[in-house]
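Residues per chain, in single letters:
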Amino acid sequence: MRNERDQERGKATADTVTFQDKEGRCLVPFTDILAHFAKRAKAAFPSANGRVGRALEIATDARNVIIADDYTTFFICSQTGGGGGWYTVTDAGCQCKDYEFGHVCKHMIARWLVIRAQQADGTRRREV
Ligand SMILES: [Zn+2]
């Protein structure tokens, strides 16, 4: 279901959402773009809604995410235990228990959300 704001953003077709004006300036806050992609992920994968919600919380706080120079390796802060541990997250997977047990974990989803949002707002040009 699309709301007025989505409609203002232009064509919200599957993979061609634009958040930029003709000069490439981003029109909406990064956190709104993250939320947009989280909403799409929840719609596409209803069974993963809990993980997507937690991934959005992680991705929304920039202190939780460090992106390596290769732009594909992410270090994502553990949300449990208060130990301040970090997981290395790449296309190949994540180091956490949830991923080890065969799930697409919240860290993988958080990484995906950040990458998609960066592509959408123009700060990331390269597909990964
Ligand atoms: Zn993980």
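Scroll up to find the structure this text is about.
None of the values given here were measured: they were computed from a predicted structure. (Residues numbered from 1 in each chain as written. Predicted model: local features only at pLDDT ≥ 70, side-chain atom pairs only at ≥ 80, totals over all residues.)

(A) Just the packing of helix α2 (residues 30–44) against helix α3 (residues 49–60), in detail. Two numbers describe how α2 lies on α3: the axes approach to 10 Å, and their chain directions differ by 170°. Compared by their axis directions, α2 and α3 come out roughly antiparallel. Judged by residue contacts, T31, L34, A35, A38, A41 and K42 of α2 engage N49, V52, L56, A59 and T60 from α3. Among the residues forming the contact of α2 with α3, the class breakdown is seven nonpolar, three polar and one charged. (Axes fitted to C-alpha atoms, helices over the stretch in contact; angles between N-to-C directions. Helix = DSSP H or I, 4+ residues; strand = E, 2+ residues; numbered from the N terminus. Parallel < 35°, antiparallel > 145°, perpendicular 65-115°, else oblique. Contact = placed C-beta atoms within 7 Å. Nonpolar A, V, L, I, M, F, W, Y, C, P; charged D, E, K, R; others polar.)

(B) Here's a closer look at the sheet that holds strand β2 (residues 74–77). Spatial strand order, β1-β2-β3: three strands in an open sheet with antiparallel pairing. Lying at the two open borders of the sheet, with one neighbouring strand each, are β1 (65–67) and β3 (86–89). Adjacent strand axes in the sheet meet at a mean angle of 20° when their direction is disregarded. Here β2 runs beside β3; their pairing, made up of four bridges, is antiparallel. (Pairing = 2+ DSSP bridges.)

(C) Local environment of α3. With 12 residues, α3 extends 16 Å from end C-alpha to end C-alpha; this agrees with the ideal 16 Å at 1.5 Å per step. Along α3, the positions that sit buried rather than exposed are R51, V52, A55, L56, I58 and A59. Axial view of α3: buried residues confined to an arc of 160°, hence all on one face. Considering only its buried residues, α3 is in contact with α2, β1, β2 and α5 (106–121). (Expected span 1.5 Å × (residues − 1). Buried ≥ 20, exposed ≤ 12 C-beta atoms within 10 Å, placed from the backbone. Arc of directions from axis to C-beta.)

(D) Summary view of the nonpolar core. If you look at the biggest cluster of nonpolar residues, it comprises 28 residues, and the most contacted ones within it are L34, A55, A59, I109, A110 and L113. When residues of this core are traced back to their parent elements, those giving at least two are α2, α3, β2, β3 and α5. For this core, the element with the most residues is α5, which contributes nine residues. Dropping the residues within four chain positions of it, L34 is found in contact with L56, A59, T60, L113 and A117. (Core = buried A, V, L, I, M, F, W, Y, C linked by C-beta atoms within 7 Å.)

(E) Expanded view of unusual backbone geometry. One non-glycine residue with positive phi stands out, namely Y71, at about 65°. By secondary structure assignment, the location of Y71 is in the loop between β1 and β2. Classification of Y71 as exposed rests on a count of 12 C-beta atoms within 10 Å.

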